[in-house]
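Below, each chain spelled out in residue letters.
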Amino acid sequence: MWESESESAAVGQQYGGGVLTSTKHGVKTEGFVQRGHSWYVATDIPSDFLVQIGESSFHLHKYPLLSRSGKLNRIIYESRDPDINKIVMDDIPGGPEAFELAAKFCYGIAVDLTAGNISGLRCAAEYLEMTEDLEEGNLIFKTEAFLSYVVLSSWRDSIVVLKSCEKLSPWAENLQIVRRCSESIAWKACANPKGIRWSYTGRTAKISSPRWNSMSMKDSSPSRNQQVPPDWWFEDVSILRIDHFVRVVTAIKVKGMRFELIGASIMHYATKWLPGLISDTALQNDEASSCSISNSSSNASGNSWKGGLHMVVAAPRDDASSSLQAKDHRLIIESLISIIPPQKDSVTCSFLLRLLRMANMLKVAPALVTELEKRVGMQFEQATLADLLIPCYNKSETMYDVDLVQRLLEHFLVQEQTETSSPGRQSFSDKHMGSSNLNAKARVARLVDSYLTEVSRDRNLSLTKFQVLAEALPESARTCDDGLYRAIDSYLKAHPTLSEHERKRLCRVMDCQKLSIDACLHAAQNERLPLRVVVQVLFSEQVKISNALASSSLKGDDESLNHPMVVNRKTLLEGTPQSFQEGWSTAKKDINTLKFELESVKAKYLELQNDMETLQKQFDKMMLKQKHTSAWSSGWKKLTKFTKTTNVENHDVPPHQLPTASEEHNRKTTRRWRNSIS
């Protein structure tokens, strides 16, 4: 069932073993003779009818053709010229090769039907309208029978016929040849492969598929106990054109094949037809293997079909050929995006990112690019730094497409939030999903930090883009900010002209309490960081060292209870490397110096604060006193002036002229009485 050489033999006996003959013919001939681009019938009767197809011309006779072709009958009838002796048929499907076979059939010459010529002959018969109305057992009937009973029952012939249909559009589509071959291939790919008689192609150790040549099946077939790999059909299907490959994959989806295998077949096809998806080393290995296969298969029989696609990397081409190739690659990418299974992990994240890189480079439709970005966001935690370094193909000053990574990160966060809020997933396993989400976010955080470190060397990268990408993840995603500190330090190195405000703004994305001791030591001596950040780092470092010493002391107490052996400082230092001791001693000196400077600054600050409080109290007292005396200030001024004038008069008058005490008393009493009367 799987190989036409074995199981189609019995069926082929009903059709003369794949040889077509016509029982009725009016001209006895021994065959056709070719002279240059012209074909002649080997007979004594001179030809009276010329058929021109491109550069080829066929010198034939009217009666054998008109008796079996409805189209030729109609052309001669509509021309109203019975003596017409030439006709041009440049649009016949299959070209002169298919017409040659159809003409031989009209003359009763035996025609060998194969998987390579059956599709073109079937379309040519339909074009020439060689139906049963003109003759029983005409060409349409016999080619259709061969397709149905021989070709579609064979895996090999189905692939070959579908491959030959690439030059027969739209006739092959209208006659359902493409659909029937696609369904036949899909059914065989989804069936149980235990009973398949097949052999390895020998391309690589990891790729296996049936071998389509004339080698003996006894020598090349694996034993019955040998397990058939599930990807045995990848290489065979990958030779098809993209539209036919899409038809086959769509039919395989309908049959219910696992989405992992469908995704793997798509990746295999893309690797073969899009050389930019794989590295240069892989390309060289693939080309070397394909060259070895082509050399080995060239020694085989000429009738055998050589499977596989041999791509040649030629010299730089002109603009027309390069634009045509770019158009073909764009069509392949758009088609592959549309058939990728929607399930997560159906294809690798690395493959999706490489496909996204080529899609941006070739200006694929924006809707498909957005769909591809969402697919990457579904499994963004599987990405690598090398795959994320996608150049910016738009008109932008930055070297890498940072906005694209920002969108991918947003799609990832939306997907994570959707999975967390999904009621079905929550009921399934809340703890497991929560831990997996945290692990995924942690991996993405490390990936983003590495990406920021790499792109921070770009002098055209703005501070806003760096800050937005660094703050896109929630705080819980990072348990340690060492990677983020490394990215900040790299950005400060590449942008030395940043102002103090911009440097403080950049350092806000980092949490000093999440830095390790090594990162704190480096940050304490980093002259590029703002002084405030250095102080925060020193404080957090002191807290960590204190906690570490406390925990180690507690641990040492516990161990001393279990192990009474005492370990002194000298023993610990002997077990420590000398370089670490020297580095630690130097770091301790620097830390002590910074601590002393910090304490002096604190003391000066407290002294200034006390002076400020004293001045504030004095100022408050003065303001309170001024408020109470403001109403009597003018009176006190007059009183003071009066007192001064009185004293002056007293100094000027002689002592004997001063009034006595009784006189002064009478004056005051009389004045009071006068005031009271008035």
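Cut-offs and rules
- Residues numbered from 1 in each chain as written.
- Predicted model: local features only at pLDDT ≥ 70, side-chain atom pairs only at ≥ 80, totals over all residues.
- Heavy atoms only, no water.
- Helix = DSSP H or I, 4+ residues; strand = E, 2+ residues; numbered from the N terminus.
- Contact = heavy atoms within 4.5 Å.
- UniProt positions renumbered as here; feature names shortened; annotations may be inferred.
- Buried < 20%, exposed > 50% of the residue type's maximum accessible area, 1.4 Å probe, protein only.
- Pairing = 2+ DSSP bridges.
- Patch = residues over 30% accessible without salt bridge, like charges linked within 9 Å, V, L, I, M, F, W, Y side chains within 5 Å.
- Areas by Shrake-Rupley, 256 points an atom, 1.4 Å probe, with all protein chains shown as cover.
- Salt bridge = Lys/Arg side-chain N within 4 Å of Asp/Glu carboxyl O.
- 1 Å grid on protein atoms, 1.4 Å probe; cavity = no way out; pocket = protein on both sides within 12 Å on 5 of 7 lines; lining within 4 Å.
- Points joined across faces, edges and corners; volume = space filled by probe spheres on them.
- Nonpolar A, V, L, I, M, F, W, Y, C, P; charged D, E, K, R; others polar.
- Axes fitted to C-alpha atoms, helices over the stretch in contact; angles between N-to-C directions.
- Phe/Tyr/Trp six-rings, centres within 6.5 Å; stacked < 30°, edge-to-face > 60°.
- Core = buried A, V, L, I, M, F, W, Y, C linked by side-chain atoms within 4.5 Å.
- Domains from an automatic or database assignment.
- Lys, Arg positive; Asp, Glu negative; His and termini not counted.
- Polar contact = N/O pair within 3.5 Å; in protein donor to acceptor, adjacent residues only side chain to side chain.
- Parallel < 35°, antiparallel > 145°, perpendicular 65-115°, else oblique.
- Left-handed = near helix turned anticlockwise from the far one by under 90°.

### Comments concerning the overall build of the protein
Within the protein one finds 31 helices and seven strands. Sequence-distant contacts, at least 24 apart, represent 72% of the contacts inside the protein between residues at least 6 apart.

### Some thoughts on the UniProt feature "coiled-coil region" (unreviewed entry) in the protein
Per the UniProt entry, the sites bearing "coiled-coil region" (unreviewed entry) are residues 591-625 in this numbering. Strand forms 0% of residues 591-625 and helix 100%; the C-alpha atoms that close the span are 51 Å apart.

### Topic: the pairing of strand β5 (residues 56-60)
Summarising burial for β5: five of the five residues are buried, a large majority. Pairing geometry for strand β3 (residues 38-41) and β5, over three bridges, is parallel. By the bridge assignment for β5, tryptophan 39 is matched with phenylalanine 58. Across five bridges, the pairing between strand β4 (residues 49-53) and β5 is antiparallel. If you follow isoleucine 53 over to β5, its bridge partner there is serine 56. Where β4 folds back onto β5 in an antiparallel hairpin, the turn is made up of two residues, including glycine 54, whose phi is positive at roughly 65°.

### Some remarks on a nonpolar patch on the surface
Judged by side-chain polarity, Leu531, Val535 and Leu598 come together as a nonpolar surface patch covering roughly 260 Å² of accessible area. Position of valine 535 among the secondary structure elements: in helix α27 (residues 531-562). Judged by its relative accessible area of 35%, valine 535 is partly exposed.

### Digging into empty space enclosed by the protein
Summed over all chains, the structure comprises one cavity of 30 Å³ or more. What the largest cavity holds in volume is close to 40 Å³. A per-element tally of the lining of the largest cavity places helix α5 (residues 95-106) first, with four residues. Of the residues that constitute the lining of the largest cavity, the class distribution is seven nonpolar, one polar and no charged.

### Quick word on the sheet that holds β5
The five strands are arranged β2-β3-β5-β4-β6 in an open sheet whose pairing can be described as mixed. For this open sheet the edge positions go to β2 (32-35) and β6 (86-88), each flanked by a neighbour on one side alone. Averaged over neighbouring strand pairs, the angle between their axes works out to 20° when direction is ignored. Two elements, β2 and β3, share four bridges in a ladder whose sense is antiparallel. Its bridge partner being in β3, arginine 35 is matched across the sheet by serine 38. The strands that α5 touches are β2, β3, β4 and β5; relative to β5, the one it contacts most, it runs at about 10°.

### Notes on helix α6 (residues 118-128)
Burial analysis of α6 places 10 of its 11 residues in the buried class, which makes it a mostly covered element. Considered for burial, the residues of α6 that qualify are Ile118, Ser119, Gly120, Leu121, Arg122, Cys123, Ala124, Ala125, Tyr127 and Leu128. Note on α6: the residue one or two positions beyond its end, glutamate 129, has a positive phi of about 55°.

### Digging into the pattern of salt bridges
Counted by the stated rule, this structure contains 21 salt bridges. Here arginine 241 makes a salt bridge to aspartate 243, at a shortest N to O gap of 2.8 Å. Judged by relative accessible area, arginine 241 falls into the partly exposed class, the value being 27%. Taking the shortest distance from any N to any O, the salt bridge between arginine 407 and glutamate 373 comes out at 3.1 Å. With arginine 407 in helix α20 (residues 402-421) and glutamate 373 in helix α18 (residues 366-378), this pair connects stretches of sequence that are 34 residues apart. Residue classification places arginine 407 among the partly exposed residues on the basis of a relative accessible area of 33%.

### Some remarks on the packing of aromatic side chains
How two aromatic rings sit relative to each other is given by the distance of their centres and the angle of their planes. The tally for this structure, following the rule as stated, stands at 10 aromatic pairs. Consider the rings of phenylalanine 32 and tyrosine 107, whose centres lie 5.7 Å apart with planes at 80°: the pair is edge-to-face. You can see phenylalanine 32 sitting in strand β2 and its partner tyrosine 107 sitting in the loop between α5 and β7 (111-112), a full 75 residues away along the chain. You can call phenylalanine 32 buried: its relative accessible area is 14%.

### A look at the nonpolar core
Grouped together as the largest cluster of nonpolar side chains are 150 residues, with contacts concentrated most on Leu60, Phe245, Leu336 and Phe380. Two domains each provide a minimum of three residues to this core, namely domain 1 (29-153) and domain 2 (379-419 + 438-551 + 570-576). When sequence neighbours within four positions are dropped, the list of residues in contact with phenylalanine 380 reads Cys349, Leu388, Leu408, Leu409, Phe412, Val444 and Leu447.

### Considerations on the side chain of aspartate 401
Checked against the element boundaries, aspartate 401 lands in the loop between α19 (385-388) and α20. An unpaired buried charge is present at aspartate 401: no salt bridge exists, and arginine 407, the closest side chain of opposite charge, is 4.8 Å distant. One polar contact links the side chain of aspartate 401 to the main-chain amide nitrogen of leucine 404, over a distance of 3.2 Å.

### Points about the side chain of serine 182
Position of serine 182 relative to the elements: it lies in helix α10 (residues 177-190). The contacts of serine 182, once residues within four sequence positions are left out, are Leu162, Arg247, Val248 and Ala251.

### Structural notes on the packing of helix α17 (residues 349-361) against α18
At their nearest, the axes of α17 and α18 sit 10 Å apart, and the two run at 155° to each other. The pairing of α17 with α18 is recorded here as roughly antiparallel in orientation. For the crossing formed where α17 meets α18, the hand is left-handed. Residue-level contacts link Cys349, Leu352, Leu353, Leu355, Leu356, Ala359 and Asn360 of α17 to Val369, Leu372, Glu373, Arg375 and Val376 of α18. For the contact of α17 with α18, the per-class residue count stands at nine nonpolar, one polar and two charged.

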